[in-house]
Structure formats: structure tokens, C-alpha cells
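# A closer look at the structure
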Amino acid sequence: MRGSVLEVRTSADGSVVIAPHGIVGPDKAVELRQVLVHTVRRVRPLRLIVDLADVPELDPINVGSVAAACSLGDDHHVAVFVDNSIPLLARQLAAAGVPRQRLRNSAPFS
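Residues numbered from 1 in each chain as written. Predicted model: local features only at pLDDT ≥ 70, side-chain atom pairs only at ≥ 80, totals over all residues. Heavy atoms only, no water.

### Brief notes about the pattern of salt bridges
- Under the counting rule described, the total for this entry stands at 5 salt bridges.
- A salt bridge links Asp13 to Arg47; its shortest N-O distance comes to 3.0 Å. In this pair, Asp13 sits in the loop between strand 1 (5-10) and strand 2 (16-21) while Arg47 sits in strand 3 (residues 47-51), placing the two residues 34 residues apart along the sequence.
- Under the relative-accessibility criterion, Arg47 is labelled partly exposed at 27%. (Salt bridge = Lys/Arg side-chain N within 4 Å of Asp/Glu carboxyl O. Helix = DSSP H or I, 4+ residues; strand = E, 2+ residues; numbered from the N terminus. Buried < 20%, exposed > 50% of the residue type's maximum accessible area, 1.4 Å probe, protein only.)

Here it is in C-alpha cells:
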């Protein structure tokens, strides 16, 4: 994530929020994937929220990692949601297999 940060926090309701900041490129694909997998498989919160409010761009590898985290969450009984993505990212995530009902607080897309 060129010049960016990957923030992980736990909200008051116990949800784990992963919030990348900036452009999330292939240089940080391993880091994002490891945090997603660790959170789902080891932490196992009721909800994992990937907050993309401060992300203008995700490269294809990271789009796939977020989509895979949704499926992995289903296998481990962790509800994974993607919040606050821009319309382009929402379309890319939906095309990669993220169910539209998991894309929350995003601008409408067709």
C-alpha cells in the first residue's frame, strides 16, 4: 500500500474492522491477505468489516483476497462485510464474487 497504512481495530460491538488507507497495490497483497485470513481463522469475530472509505484503488490481487475472505468467513461462521467502497471498487468486488448484500454503505452501482 504505497504510502499507506493498514489499520486493524475492534469496535465496541466486537466486530473487527480492517481499514486500509491509500492505494492498495500488489506490494502489500501478502500483508492484506495474511491479516484477513488470520482474523477469520484465528480471531473469529462475529463480524469482520473491511472499511474501504479511504481506498481509491485496489489492485486485482487484493480484490481477489477480499472476495476470498467472504467465502472463508462463511466457512468459519464469520460475517464479512465490505463498507464504504467507491462505485468502481464495488463493481470490481461484485464481479470477483463478493455478494452485493455484503457491500454496505457504498455508492449505488449498476
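Still more to cover.
### Considering helix 3 (residues 87-95)
- Three or more residues of helix 3 are buried, namely Leu89, Ala90, Leu93 and Ala94. The arc enclosing the buried residues of helix 3, seen along the axis, measures out at 135°, which places them on a common side.
- Buried residues along helix 3 sit in contact with helix 2 (60-75), strand 4 (79-83) and strand 5 (103-104).
- One or two steps after helix 3, the chain reaches Gly97, where phi turns positive at roughly 115°. (Arc of directions from axis to C-beta. Contact = heavy atoms within 4.5 Å.)

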